[in-house]
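Next come the chains, spelled out residue by residue.
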Amino acid sequence: MPVRVENAGAPGFALYVHWPFCASKCPYCDFNSHVRDRVDHARWRDALVRELDHFADLTPGRTLTSVFFGGGTPSLMLPETVEAVLRRADERWGLPAGTEVTLEANPTSVEADRFRGFRAAGVNRVSLGIQALNEADLRALGRRHSADEALGAIRLARDIFPRYSFDLIYARPGQTVPAWQAELRRALDETVGHLSLYQLTIEEGTQFHTLHSRGELVLPDEETQGDLYAATQELLEGAGLPAYEVSNHARPGEESRHNLTYWRYGDYVGIGPGAHGRLTLDGNKLATRTHRAPEVWLERVEAHGTGSHAVEPVAPADRLTEMLMMGLRLREGVPLARVEQETGQPLQAWIDPARLDGLARHGMLESDGTTLRVTTDGRERLNAVLARLLG
């Protein structure tokens, strides 16, 4: 059965704020993150607020359902910057009391000391990049914190923020199922409502990609990866945190409301270097994206009010692709009425029913006539399911 989620099916309207700076670049990371010796925080604060105004001018009368400070390492921001962005967001759109405001953080002691400042600024949910709970793997992943620092930051987050989550990476080189099960049990001891568990993938342009191509970095084989995934699902289900999305587990009602906006194909504004957005204006779905290079973005905002590239319309066929690629990650699936609402035609007009029937016969896909969703087996093979569905 689908996991119950708050406001199930509601797409939402969200704000994403990208802070592009990190203290160091992790070897597996392909995000738009950069290391700088010095950051002019006042200048960056003014630029973020100014680009927010640019997009608020395009979307009058909207009310935010969530705000997410991502990166990079947003916990390197000053709390004053977070406060300024949230204040302007409330002035321009409306930010009702209790709106989910998430900030990603690293668990080093310097950043953890800022937690109280972020809470005072309006952050009510923190997402911690823990990634591993043993020293050897933390070093291999290029993390700057120790396992003890990670556990200390989790406990501090629990004391300060109404809601918190943390991330772990699995299918790491040399990882065994028993070791991962033990690590998960330790993580569950520290978890209240939400846990993100990502399988390690090798992305082009990263240090890990270079090492992997040389044969110097070897991931667990496909069978072991499958066993690790299965162990993850079993343990988290048993602990009352089922997977509401491929990599995200939560108790009912504790799902990330912001990320649900993406997965449900809702509208969102993205500000900061390299941020993307999707906006529905006058019935048209539009894609926005900003310049990736931090300094170029900053100069463009100061000169023109935004670092955004030209807005591009999203064709109905592309809307379908995006909606299915995002929505089928969710256990709740994709409402068929939303497909027709977004694309102007029912699903069967876009996809040969024989493909849908074939995937259903193989136990990968199911529909009750109102919702299309992948099965448990289908989620484990989601890329292959999507390739067949959309190919």
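Attention here is on the structure that accompanies the text. Just so it is clear, the structure is predicted and the values come from calculations on it, not from any experiment. (Residues numbered from 1 in each chain as written. Predicted model: local features only at pLDDT ≥ 70, side-chain atom pairs only at ≥ 80, totals over all residues. Heavy atoms only, no water.)

### Notes on the packing of helix 12 (residues 316-327) against helix 13 (residues 336-343)
Line of reasoning, step 1. Where helix 12 contacts helix 13, the axes come no closer than 9 Å and their chain directions differ by 150°. Judged by the inter-axis angle, helix 12 sits roughly antiparallel to helix 13. The hand of the helix 12/helix 13 crossing is right-handed. Note on element contacts: helix 13 touches helix 12 through Arg338, Val339, Glu342 and Thr343, opposite Pro316, Arg319, Leu320 and Met323.
Line of reasoning, step 2. Here the residues of the contact of helix 12 with helix 13 are counted per class, giving four nonpolar, one polar and three charged. (Axes fitted to C-alpha atoms, helices over the stretch in contact; angles between N-to-C directions. Helix = DSSP H or I, 4+ residues; strand = E, 2+ residues; numbered from the N terminus. Parallel < 35°, antiparallel > 145°, perpendicular 65-115°, else oblique. Left-handed = near helix turned anticlockwise from the far one by under 90°. Contact = heavy atoms within 4.5 Å. Nonpolar A, V, L, I, M, F, W, Y, C, P; charged D, E, K, R; others polar.)

### Looking at the sheet that holds strand 15 (residues 334-335)
Line of reasoning, step 1. An order of 15-17-16 is seen for the three strands of this open sheet, with the pairing classed as antiparallel. Where the open sheet ends on each side, the last strands, each with one partner, are strand 15 and strand 16 (365-367).
Line of reasoning, step 2. Inspection of the sheet shows strand 15 paired to strand 17 (residues 371-374) by two bridges, in the antiparallel sense. In the strand pairing of strand 17, Val334 is matched with Leu372. (Pairing = 2+ DSSP bridges.)

### With respect to the packing of helix 12 against helix 17 (residues 382-390)
Line of reasoning, step 1. Orientation of helix 12 relative to helix 17, taken along the N-to-C sense of each, is 155°, at an axis distance of 11 Å. Comparing their axes, helix 17 and helix 12 come out roughly antiparallel. With respect to the hand of their crossing, helix 12 and helix 17 are arranged in right-handed fashion. Residues Thr321, Leu324 and Met325 of helix 12 touch helix 17, and the partners they reach there are Leu386, Leu389 and Leu390.

### So, the environment of Gly70
Line of reasoning, step 1. Looking at where Gly70 falls in the secondary structure, it is placed in strand 4 (residues 66-71).
Line of reasoning, step 2. Taking the C-alpha atoms as reference, Gly70 lies 20 Å from Trp93; in sequence the two are 23 residues apart.

### Some words on the pairing of strand 7 (residues 163-170)
Line of reasoning, step 1. The buried fraction of strand 7 amounts to eight of the eight residues, a majority that puts the element mostly inside the structure.
Line of reasoning, step 2. Summarising the sheet, strand 6 (residues 125-131) and strand 7 pair through six bridges and their orientation is parallel. From the neighbouring strand, Leu128 faces strand 7, where its bridge partner is Phe166.
Line of reasoning, step 3. Relative to strand 8 (residues 194-199), strand 7 is paired through five bridges, and the arrangement is parallel. Its bridge partner being in strand 8, Phe166 is matched across the sheet by Leu195.
Line of reasoning, step 4. With respect to chirality, the unit in which strand 7 leads through helix 7 (residues 177-190) into the neighbouring parallel strand 8 is right-handed. (Buried < 20%, exposed > 50% of the residue type's maximum accessible area, 1.4 Å probe, protein only. Right-handed = clockwise from strand over helix to strand, strands pointing away.)

### Considering the nonpolar core
Line of reasoning, step 1. In terms of nonpolar packing, the biggest core is built from 66 residues, with Leu15, Phe69, Val82, Trp93, Leu128 and Phe166 touching the most fellow members.
Line of reasoning, step 2. With seven residues, helix 1 (residues 41-58) is the single largest residue contributor to this core.
Line of reasoning, step 3. When sequence neighbours within four positions are dropped, the list of residues in contact with Phe166 reads Leu128, Ile130, Ile154, Ala187, Glu190, Thr191, His194, Leu195 and Ser196.
Line of reasoning, step 4. One finds Leu328, Val339, Leu372 and Leu382 within the second-largest nonpolar core, a separate group that totals 23 residues. (Core = buried A, V, L, I, M, F, W, Y, C linked by side-chain atoms within 4.5 Å.)

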